[in-house]
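# Structure assessment
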Amino acid sequence: MRAVALLRGVNVGGVRFAMADLRAALEAAGSTDVRTVLASGNVLLTAAEDEPQRIADGVSAVIRERFGFDVAVIVVGLPVVRAAVDGYPFARTDDRHAYVVFAGDDRALADLGDAAAGLDPAEEQVARGDGVLYWDVPKGRTLDSPFGKRFGRWQKSGVVTTRNVNTLDKIVAAG
């Protein structure tokens, strides 16, 4: 399976390691065609396994064993990322963040989707996609917007993460 591992909270705070070292560790553990995109925890890899949660567990284990960190990892297939980029429903402008929310837990995605009801569309917008949520929010408001606060509670659990569509464009191009 050509997979995208989205690592949560890497190279921020005290959780720091080189992406080249991660690539080598994943290759030593059996993944092939491993590529990292940016230094913020985006990894493309080909795994013999085709179950995203098992791939995520394997990537987490490699990071724990090699670097000593417990890192939340959400894995999706590269076609899911490509479809998320192609399906982004909001205008992409310089003054707003264009995010895609990925979840390793369907309950989190459902709860966050429900939280979208009643948002002020002039402030932020959320739309459901196929296994993702799309989120449009003004720059500087990610953490304190109504949806951002709800998202933050789930994010602390490690079962959700976001990526900016610009980052996802780079992941697809590297794929």
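Preceding this paragraph is the structure being described.
Okay, so let's go over this structure. Since the structure is predicted, the reported quantities are computational estimates derived from the model, not experimental observations.

Our next topic: the packing of aromatic side chains. Per the counting criterion, the structure on display carries seven aromatic pairs. Between Tyr99 and Trp135, the ring centres sit 5.2 Å apart and the planes meet at 35°, which makes this aromatic pair tilted. On the criterion of sequence distance, the pair formed by Tyr99 in strand E5 (residues 96-103) and Trp135 in strand E7 (residues 133-138) is long-range, its members being 36 residues apart. Taken as a pair, Tyr99 and Trp135 share a single burial class, namely buried. Each ring, one from Trp135 and one from Phe151, has its centre 5.8 Å from the other, and the planes form 45°; the classification is tilted. Residue Trp135 is found in strand E7, and its partner Phe151 is found in helix H5 (residues 146-157); the two are separated by 16 residues along the sequence. On the accessibility criterion, Trp135 (1% relative accessible area) is buried. Following the ring pairs from residue to residue traces out a cluster consisting of Tyr99, Trp135, Phe147 and Phe151.

Membership of the largest hydrophobic core comes to 22 residues, with the highest contact counts inside it found for Leu7, Leu22, Leu45 and Val59. Counting residues per element, the ones that place at least two in this core are strand E1 (2-7), helix H1 (19-28), strand E3 (42-46), helix H2 (52-67) and strand E4 (73-77). Counting residues per element, this core draws most heavily on H2, at six residues. What Leu45 contacts, discounting residues up to four positions off in sequence, is Met1, Arg2, Ala3, Ala5, Leu26, Ser31, Thr32, Asp33, Val34, Ile55 and Val59.

The subject of this paragraph is the pairing of strand E2 (residues 32-36). Note that E2 and E3 share three bridges and pair antiparallel. Residue pairing for E3: Thr32 is matched across the bridge by Thr46. The loop that links E2 with its antiparallel partner E3 comprises five residues; one of these, Leu38, has a positive phi angle of about 65°.

Moving on, we come to the packing of helix H3 (residues 78-87) against helix H6 (residues 165-174). Running from N to C, H3 and H6 point in directions that differ by 135°, and their axes come no closer than 9 Å. Relative to H6, the element H3 lies oblique. As H3 packs across H6, the resulting crossing turns out to be left-handed. Here H3 contributes Leu78, Val81, Arg82 and Val85 to the contact with H6, which in turn contributes Val165, Leu168, Asp169, Ile171 and Val172.

Closest axis-to-axis distance for the H1/H2 pair is 10 Å, and the angle between their directions is 115°. As for how H1 packs across H2, the hand of that crossing is right-handed. The residues of H2 that touch H1, namely those facing Asp21, Leu22, Ala25 and Leu26, are Val59, Val62, Ile63, Arg66 and Phe67. Each residue belonging to the contact of H1 with H2 can be placed in one class, and the counts come to seven nonpolar, no polar and two charged.

Reading the values: the criteria
Residues numbered from 1 in each chain as written. Predicted model: local features only at pLDDT ≥ 70, side-chain atom pairs only at ≥ 80, totals over all residues. Heavy atoms only, no water. Phe/Tyr/Trp six-rings, centres within 6.5 Å; stacked < 30°, edge-to-face > 60°. Helix = DSSP H or I, 4+ residues; strand = E, 2+ residues; numbered from the N terminus. Buried < 20%, exposed > 50% of the residue type's maximum accessible area, 1.4 Å probe, protein only. Core = buried A, V, L, I, M, F, W, Y, C linked by side-chain atoms within 4.5 Å. Contact = heavy atoms within 4.5 Å. Pairing = 2+ DSSP bridges. Axes fitted to C-alpha atoms, helices over the stretch in contact; angles between N-to-C directions. Parallel < 35°, antiparallel > 145°, perpendicular 65-115°, else oblique. Left-handed = near helix turned anticlockwise from the far one by under 90°. Nonpolar A, V, L, I, M, F, W, Y, C, P; charged D, E, K, R; others polar.

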